Amino acid sequence: YCTSYSEIEDWSQGERSFTHIFNNNGPFTIRFARCCWISSLVVGGGGEWSVQTSGSLGVREDMGKINTSPVSATSPIIRLQLGCFYFVNINMNDADGDEVRCRWASGSDECGGICDSLIGATLQQNPCVIHYFANTAGWHAVSLTLEDFPLPPQPHVALSQVSLQFLIRVDDVGQNCEVPLHFVVPTPADGDCFAVAPG
């Protein structure tokens, strides 16, 4: 289902859920693929997108319950300034307290037409941080896979894998990279909560 979009920038965002009854504990791999990425991508424009997740419904020996896969609350669009170096932090969480790592998605099942599309970027796995010099203006698609691992002394094998895909927009805004961003008054304090009336 479409949750937001921009006709001007040629993008949309959505979510999808489904119910399926499995006849055993797995492991299972679920993939959802379609066409097309926005045509204006620097790499992979107009190509197929693909997201994939895998896991098992079996009860974990170390916890006595079914594994909970990692999640991320990363923004669907991250905006960067041309000519600047960035550390893009990817927030990850695991309800089971497992170690969570990220890696570049690989293979067409995990990343469709955008594998290795953020040219020149490097990735730190835990915490998940993309190191990137924004030297090419335009839209860039990023495809990561989040994996959770049990804590020692359990075997260090991924319990589940979850796709994370988002866009980076690099623009030449004509500002010096050394000038830090700052909030203007009145800026709400960190953690403030606001009620919004419907309509």
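Residue numbers run consecutively from 1 along every chain, following the written order of its sequence. Two thresholds apply to this predicted model, a pLDDT of at least 70 for residue-level local features and 80 or more for giving and counting side-chain atom pairs, whereas whole-chain, interface and lining totals are computed over all residues. Remark: hydrogens and water are excluded; side-chain values derive from all non-hydrogen atoms of the structure.

Our next topic: the packing of aromatic side chains. Two rings from Phe, Tyr or Trp (for Trp, the six-membered ring) form a pair when their centres sit within 6.5 Å of each other. Planes less than 30 degrees apart are called stacked, planes more than 60 degrees apart edge-to-face, and all others tilted. Counting across every chain of the model gives three aromatic pairs. Seen in terms of ring centroids, Phe22 and Phe28 are 4.1 Å apart; in terms of plane orientation they differ by 35°. Their pairing is tilted. For Phe28, a relative accessible area of 19% gives the class buried. Consider the rings of Phe85 and Phe87, whose centres lie 5.2 Å apart with planes at 80°: the pair is edge-to-face. Taking the relative accessible area as the measure of exposure, Phe85 reaches 45% and is therefore partly exposed. Criterion for a charge above a ring: Arg CZ or Lys NZ at most 6 Å from the ring centre, at most 35 degrees from the ring normal. Between Arg101 and the ring centre of Phe149, over which it is positioned, the NZ or CZ distance is 4.4 Å. Exposed residues in this analysis have more than 50% of their type's maximum accessible area, buried residues have under 20%, and partly exposed residues fall in between, with area computed by a 1.4 Å probe over protein chains only.

This part takes up the environment of Trp104. Locating Trp104 in the fold gives a position in strand E7 (residues 99-104). Judged by its relative accessible area of 28%, Trp104 is partly exposed. In what follows, residue pairs with any heavy atoms lying within 4.5 Å of each other are defined as contacts. Discounting chain neighbours no more than four positions away, the residues touching Trp104 are Leu118, Ala121, Thr122, Leu123, Ile130, Val142, Ser143 and Leu144. Under the DSSP-based scheme used, a helix requires at least four consecutive residues in state H or I and a strand at least two consecutive residues in state E, with every element numbered from the N terminus.

Moving on to the pattern of salt bridges. Think of a salt bridge as a Lys or Arg side-chain nitrogen and an Asp or Glu carboxyl oxygen that are within 4 Å of each other. Within the structure shown, the criterion is met by ten salt bridges. Glu48 is the partner of Arg31 in a salt bridge, and the nearest nitrogen-oxygen pair spans 3.3 Å. With a gap of 17 residues between them, Arg31 in strand E3 (residues 28-35) and Glu48 in strand E4 (residues 48-55) connect regions that are remote in the sequence. The partner of Asp62 in a salt bridge is Arg60, and the shortest N-O contact between them spans 2.8 Å. Classification of Asp62 as partly exposed rests on a relative accessible area of 34%.

What makes a patch is a set of residues exposed beyond 30% relative accessible area and free of salt bridges, joined within 9 Å when like-charged and within 5 Å when nonpolar (Val, Leu, Ile, Met, Phe, Trp, Tyr). In short, Shrake-Rupley with a 1.4 Å probe defines the accessible areas, and a residue's cover is counted only from the protein chains shown. Together, Leu57, Val59 and Ile66 line one region of the surface with nonpolar side chains, adding up to about 250 Å² of accessible area. Its relative accessible area of 34% is what places Leu57 among the partly exposed residues.

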